Amino acid sequence: EGNIIFEFPFLHFLTALTYKIFPISEINGRIINLILYIFNGLLFFEIQKLFFDKKIAITISTLFISSPLILYLGHAYMPETSMMSFYLLAYYLYIKSKIQDYNFLKPLMIISLIFAPLIKPPAGIIYIPIFLDSIYRKNLKFIFKKFLLLLTCSLPFFLWMIYASRVNSSEMSTGSNYG
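Before going further, it helps to spend a moment on the side chain of K96. Locating K96 in the fold gives a position in helix 5 (residues 80–100). Buried charge without a partner: K96 forms no salt bridge, and the closest opposite charge is E46, 6.0 Å away. Here K96 is in contact with L50, D101, Y102 and L105, once residues within four sequence places are set aside.

What follows is the structure in structure tokens.
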């Protein structure tokens with residue numbers, strides 16, 4: 001009772017892998033979030049460098065990584081840091097491919113768009129600005145292709161929500177029909 005599954009267990013999977021390599025301890029459980037915290041800081045810096053000069057990007061990134069919420073998420077065992085990694089990575093790859101037309105970055109962006117909402121469902125909002133920006137002033141055929149891409153990216157999210165709702169249903173979570 002009280003256990004509700006809606007978040008894809010990505011962080012739990014990575015933590016289990018670290019326990020296979022290193023002994024079970026608190027720091028080994030949190031090492032994934034610490035690594036992702038550093039990755040998020042560097043990724044945020046790279047995003048800022050696309051828009052501002054290096055000094056301003058360093059200042060903004062320093063403020064980002066030193067904010068209390070980001071510091072808290074960096075050491076807490078919660079999936080927000082991993083979700084933020086995929087969220088920032090999707091935006092970075094989208095902006096980078098838009099500026100320099102790198103087609104090889106698009107599959108990585110799609111993977112990031114798939115994982116961010118799986119890890120934390122409210123991250124599904126990431127689809128909206130990328131989709132709207134990609135269809136701005138385009139023809140109907142192009143919009144349809146982008147809409148299919150949007151559906152493809154969101155399919156794992158919806159499948160996970162269907163699975164999670166079945167797991168969280170009263171019959172499955174209480175075991176009333178099993179024995």
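Between its first and last C-alpha atoms helix 5 spans 30 Å; for 21 residues at 1.5 Å apiece the expected length is 30 Å, and the two agree. One or two residues past the end of helix 5 sits D101, with phi positive at roughly 55°.

It is worth spelling out the packing of helix 2 (residues 26–51) against helix 4 (residues 68–75) at this point. Taken N-terminus to C-terminus, the directions of helix 2 and helix 4 make an angle of 140°; their axes are 7 Å apart at the nearest point. Residues R30, N33, L34 and Y37 of helix 2 form the contact with helix 4, whose participating residues are I70, L71, L73, G74 and H75. Here the residues of the contact of helix 2 with helix 4 are counted per class, giving five nonpolar, three polar and one charged.

We now examine the nonpolar core. Of all hydrophobic cores here, the largest spans 30 residues; its most connected members are F64, M84, L88, L113, I126, Y127 and I130. If you list the elements that add at least two residues to this core, you get helix 2, helix 4, helix 5, helix 6 (106–119), helix 7 (127–135) and helix 8 (140–167). Leaving out residues up to four positions away in the same chain, I126 has contacts with Y87, A90, Y91 and L113. In this structure, M83, F86, A116 and I119 belong to the second largest nonpolar core, which totals six residues.

This part covers the environment of K96. Classification of K96 by relative accessible area gives buried; the value is 18%. Along the backbone, K96 and I47 are 49 residues apart, and their C-alpha atoms lie at a distance of 8.7 Å.

Moving on, we get to helix 8. For helix 8, which comprises 28 residues, the first-to-last C-alpha distance of 39 Å matches the rise-based estimate of 40 Å (1.5 Å per residue) to within 8%. Along helix 8, the helix axis deviates most sharply at S154, where the bend reaches about 40°; the proline P156 sits within four residues downstream. All buried positions along helix 8 are accounted for by L150, C153, S154, F157, W160, M161, A164 and V167.

A separate point is the pattern of salt bridges. In total, this model carries four salt bridges according to the counting rule given. With a closest N to O distance of 2.9 Å, E26 and R30 form a salt bridge. Placement of both E26 and R30 in helix 2 is noted, with a separation of four residues, approximately one turn of the helix. In this structure E26 comes out as exposed when scored by relative accessible area, which is 54%. Residue K49 is joined to E46 by a salt bridge in which the shortest nitrogen-to-oxygen separation is 3.4 Å. Taken together, the residues K49 and E46, both in helix 2 and three residues apart, mark about one turn of the helix. By relative accessible area, E46 is classed as partly exposed at 27%.

Cut-offs and rules
Residues numbered from 1 in each chain as written. Predicted model: local features only at pLDDT ≥ 70, side-chain atom pairs only at ≥ 80, totals over all residues. Heavy atoms only, no water. Helix = DSSP H or I, 4+ residues; strand = E, 2+ residues; numbered from the N terminus. Buried < 20%, exposed > 50% of the residue type's maximum accessible area, 1.4 Å probe, protein only. Lys, Arg positive; Asp, Glu negative; His and termini not counted. Salt bridge = Lys/Arg side-chain N within 4 Å of Asp/Glu carboxyl O. Contact = heavy atoms within 4.5 Å. Expected span 1.5 Å × (residues − 1). Axes fitted to C-alpha atoms, helices over the stretch in contact; angles between N-to-C directions. Nonpolar A, V, L, I, M, F, W, Y, C, P; charged D, E, K, R; others polar. Core = buried A, V, L, I, M, F, W, Y, C linked by side-chain atoms within 4.5 Å. Bend = angle between axes of the 7 residues up to and from the residue.

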